[in-house]
Amino acid sequence: MAKIGTYVLCGLVLAWSAAVQALPKRHSCSVPADCHVLLTTDDTVDAPGVSVLYQTLLAAGYQVTLVGPAQDSSQTSGSLSVITPGETVLYSEDPDNLGIWSVEGTPVEAVTIGLTLIAEDVDVVVAGINIGQNLGKSGVLSSGTVGAALRATNLGFPAIAVSIAVLPEENPTFPSTVQSLQPGAEFVIHLLKYLAARRFRLLLPGTLMNVNLPAPFDGQNRAVFTRLAEKSNFEFVYAAGGEDDESGKQKAVLGVTFPEDEEELAGDTEAINNGLVSLSLLSSDLSIVWGPHRHRTRPFRLGK
C-alpha cells in the first residue's frame, strides 16, 4: 500500500509539473503598469462593487478595461441571450468614460465580447466585486460572477471571481459590506500581485479562483484555501403557494433557508462564517477523470 501511495503521489507531481510547463508564456506583469486587467461583473458597470475595484485598479497603475452587462444579471450562471447564428448582441463604450463598455447581454456574453472584440493583450480577468457571497455548490453554479470567470478560463485566460458577503440582519443596506468594499479591492490588488509575480501558475489551464470575502472585512482577515461546501450559509428554496387567482396555475414561492449542519457547511462557507477569506480553486473541466482514459474516448457497450 505504501508503494502504491508513493506511485500515486509521484504521478500527481509529474502531472502538475507537466501542466505548469504547458502554460502559455505570459510575462509576469508584476509591475501593474505592464498588466492589462479585463474587469467584468454580473451587475451593471456602475454597480458599487465593480466601481470601487475599477478605481482601485486604476489608482494602483493597472491597465483596465471594464466590460459588463447593461442590466443587472445576477444569478444567470453561464446563460446566453442569443443562440441562433445571425442574432446580435449590442455593446457600446461610455463616451464620458473611455474603457468602460456595456453589453446588452449576459455576463458570459460580456466577457466573451470583451476578450474577443474589445480588449487586446489581456493578462488576467477579474469578475467582481460582487455584493453577496457565492459559496457552496449551489451558489457557485448559479452565480453570474463565477459564470463570467469560468468563460474567461475556457477562453484560455487566468481568471478570478471575487464576491463579498452580506449579513441578512443588515438587509437592505448592508453597511458592513459597503464599508468593506475598499479594503476588499485592496486585497484583490495584493492577490493580483502575488499571482502575477508567479506568472499566474497557480491558475493552471482550466482553473479559476473563486474568492469570497467576509463582512466586515478590514484587510487583516486571514485567507485560507477551501473546497466548495455542500451548502452556502443561505439557500434559496421554493414552497407551494397555492393556486394563482388569475391564471389558475400553481404558484411556487421563493424563500430562503439558513443551513446550520456543520458537515454541509464545511469548506468555503465555514471559512466565511468564521471571518476568513475563502480562496477556492475550481476546474472548468466538469468531466470525471478515469485514469488512463483522461485524454481519449472510452468504449461503452450496453449489456443484454
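In the block above lies the structure referred to throughout.
It should be emphasised that the depicted structure is a prediction, and the values quoted were computed from it without experimental measurement. (Residues numbered from 1 in each chain as written. Predicted model: local features only at pLDDT ≥ 70, side-chain atom pairs only at ≥ 80, totals over all residues. Heavy atoms only, no water.)

> I keep staring at helix α7 (residues 181–197) and nothing clicks. Help me out?
Note that an α-helix has 3.6 residues per turn; residues three or four places apart therefore point the same way. Taking 1.5 Å of rise per residue, the 17 residues of α7 would be expected to cover 24 Å, and the 24 Å separating its terminal C-alpha atoms lies within 8% of that figure. Two residues or fewer after α7 comes Arg199, characterised by a positive phi angle close to 55°. (Helix = DSSP H or I, 4+ residues; strand = E, 2+ residues; numbered from the N terminus. Expected span 1.5 Å × (residues − 1).)

> Is there a simple way to explain helix α3 (residues 107–118) in this structure?
Of all 12 residues in α3, 10 are buried; the element is thus mostly enclosed. Listed in full, the buried residues belonging to α3 are Pro107, Val108, Glu109, Ala110, Val111, Thr112, Ile113, Gly114, Leu115 and Ile118. (Buried < 20%, exposed > 50% of the residue type's maximum accessible area, 1.4 Å probe, protein only.)

> How should the packing of aromatic side chains be read in this particular structure?
Where two aromatic rings form a pair, the distance of their centres and the angle of their planes describe that pair. Applying the stated criterion across every chain, the model contains two aromatic pairs. Seen from their ring centres, Tyr91 and Trp101 are 5.9 Å apart, and the 45° between their planes marks the pair as tilted. Placement of the pair is Tyr91 in strand β3 (residues 91–93) and Trp101 in strand β4 (residues 100–103), with a sequence separation of 10 residues. Taken together, a centroid distance of 6.0 Å and an interplanar angle of 85° make the contact between Phe187 and Phe217 edge-to-face. One end of the pair, Phe187, is in helix α7; the other, Phe217, is in the loop between β7 (207–213) and β8 (223–225), and 30 residues separate them in sequence. Overall, the relative accessible area of 3% leaves Phe217 in the buried class. The ring centre of Tyr194 lies 3.8 Å from the NZ or CZ of Arg198, which sits over that ring. (Phe/Tyr/Trp six-rings, centres within 6.5 Å; stacked < 30°, edge-to-face > 60°. Lys NZ or Arg CZ within 6 Å of the ring centre and 35° of its normal.)

> I tried to follow the environment of Asp46 on my own but got confused; where do I start?
Along the polypeptide, Asp46 turns up in the loop between β1 (36–40) and α2 (48–59). Note on Asp46: relative accessible area 61%, which makes it exposed. Between the alpha carbons of Asp46 and Ala70 there is a distance of 9.4 Å; along the sequence they are 24 residues apart. There is a polar contact of 2.6 Å between the side chain of Asp46 and the side chain of Thr44. (Polar contact = N/O pair within 3.5 Å; in protein donor to acceptor, adjacent residues only side chain to side chain.)

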